[in-house]
Amino acid sequence: MSAYSTNEMMTVAAARRLKNGAVCFVGIGLPSKAANLARLTSSPDVVLIYESGPIGAKPSVLPLSIGDGELAETADTVVPTGEIFRYWLQGGRIDVGFLGAAQVDKFGNINTTVIGDYHNPKVRLPGAGGAPEIAGSAKEVLIILKQSHRTFVDKLAFITSVGFGEGGDHRQQLGLPGKGPVGIITDLCIMEPEAGSNEFVVTALHPGVTREQVVENTGWAIRFADNLVVTEAPNAHELEALRALEARTAAAHGQAGGEE
């Protein structure tokens, strides 16, 4: 098996975080790629739920959007969107919410709304979708995105989806039922919330990545866990499954899917 890319390392590392049998509310793009890789490798019994209503979706190619027919056609059942949110998500039946982001801060808050001033933005982003509700009510949240000064910022222009708010017990003060984000997986490292402060610190570096690279690509004074480890490199099975999934997607849609 040939060497792997940083994007492949990120996707594989994220897929490994999904436990077999977990009920996962999946975002489109990178989260969908990682969740479906998990289903094809380490977690064959993971239950994938999408915002449009499919439950137990098993797409052979990555969906272009939540309305992609592949999701409904391969699902165990399809229910109204209102039921997905009210009964499944707000009812406490979602184990993991898997989200992407345009920007994230040190407390796992997500921006997918605007860059710059809200009323006169430099960039108008896709918006919230169901992410605020997923971030608020899923038992746990995983976040996946590429790491840079533009994506890991000290202060968000707009908080679309709340992680730990201002840190500490702010999430509990807000009355949000879910545990909040438990991991941020990037193309450089894995971050997890520090006990007490809930500030995200680096707990694992991907193979070949230095602390300096992480510091250079983070917009706040990032810290590293005392017991910092190196992420296990992708194995042949994981890479084969991921590349086959991307090849099928490219053949169907003309793109690999999730390359944001």
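Scroll up for the structure.
Throughout what follows, the structure given in this document is the object of discussion. (Residues numbered from 1 in each chain as written. Predicted model: local features only at pLDDT ≥ 70, side-chain atom pairs only at ≥ 80, totals over all residues. Heavy atoms only, no water.)

**Concerning the pattern of salt bridges**
Short version of the rule: What makes a salt bridge here is a side-chain nitrogen of Lys or Arg within 4 Å of a carboxyl oxygen of Asp or Glu, nothing more. The helix and strand labels rest on DSSP assignments: H or I over at least four residues marks a helix, E over at least two residues marks a strand, and numbering proceeds from the N terminus.
Enumeration over the complete set of coordinates arrives at ten salt bridges. A salt bridge links Asp 95 to Lys 139; the shortest N-O distance between them is 3.4 Å. Here Lys 139 lies in the loop between helix 5 (131–137) and strand 10 (140–144) and Asp 95 lies in the loop between helix 4 (81–89) and strand 5 (96–99), a separation of 44 residues in the sequence. Residues Lys 179 and Glu 140 are paired through a salt bridge, measuring 3.7 Å at the closest nitrogen-oxygen approach. Residue Lys 179 is found in the loop between helix 6 (170–173) and strand 11 (181–185), and its partner Glu 140 is found in strand 10; the two are separated by 39 residues along the sequence.

**Some remarks on helix 1 (residues 6–15)**
Note the threshold: Classification of residues uses two cut-offs on accessible area relative to the type maximum, computed with a 1.4 Å probe and protein chains only: under 20% is buried, over 50% is exposed, and between them is partly exposed.
In terms of burial, helix 1 is a largely internal element, nine of the ten residues being buried. Looking at helix 1, one finds that the buried residues are Asn 7, Glu 8, Met 9, Met 10, Thr 11, Val 12, Ala 13, Ala 14 and Ala 15.

**Quick word on the pairing of strand 1 (residues 23–26)**
Defined as follows: The pairing criterion for strands is at least two bridges between them, as found by DSSP. Handedness rule for crossovers: strands pointing away from the viewer, path from the first strand over the helix to the second running clockwise, crossover right-handed.
Here strand 1 shows no split at all, with Val 23 and Phe 25 on one side and Cys 24 and Val 26 on the other all buried. The sheet contact formed by strand 1 and strand 2 (residues 47–49) spans three bridges and is parallel. Following the sheet pairing, Phe 25 is matched in strand 2 by Ile 49. A crossover links strand 1 with its parallel partner strand 2, the connecting element being helix 2 (residues 30–40), and its sense is right-handed. Bridging between strand 1 and strand 5 involves three bridges; their strand directions are parallel. Within strand 5, the residue paired with Phe 25 across the bridge is Gly 97.

**Side note on the side chain of Glu 238**
This is how the line gets drawn: Note on definitions: a residue-residue contact is assigned when non-hydrogen atoms from the two residues lie within 4.5 Å.
Position of Glu 238 relative to the elements: it lies in helix 8 (residues 236–253). On the basis of relative accessibility, which here comes to 9%, the residue Glu 238 falls in the buried class. When residues no more than four places from it in sequence are discounted, the contact partners of Glu 238 are Val 12, Arg 16, Leu 37, Thr 41 and Ala 233.

**Some details on the side chain of Asn 198**
So the rule is basically this: For the purposes of these results, a polar contact is taken to be a pair of N or O atoms within 3.5 Å, where, inside protein, one atom must be able to donate a hydrogen and its partner to accept one; residues adjacent in sequence count only when each atom of the pair is a side-chain atom.
Position of Asn 198 relative to the elements: it lies in the loop between strand 12 (189–193) and strand 13 (200–205). Here Gly 168 takes part through its backbone oxygen, which lies 2.9 Å from a polar atom of the side chain of Asn 198. Filtering out sequence-adjacent residues up to four positions away, Asn 198 remains in contact with Lys 106, Phe 107, Phe 164, Gly 168 and Pro 193.

**Some words on the pairing of strand 5**
Neither face of strand 5 is exposed, since Val 96 and Phe 98 on one face and Gly 97 and Leu 99 on the opposite face are all buried. Here strand 5 runs beside strand 10; their pairing, made up of four bridges, is parallel. When the sheet's bridge partners are listed, Phe 98 is paired in strand 10 with Leu 142.

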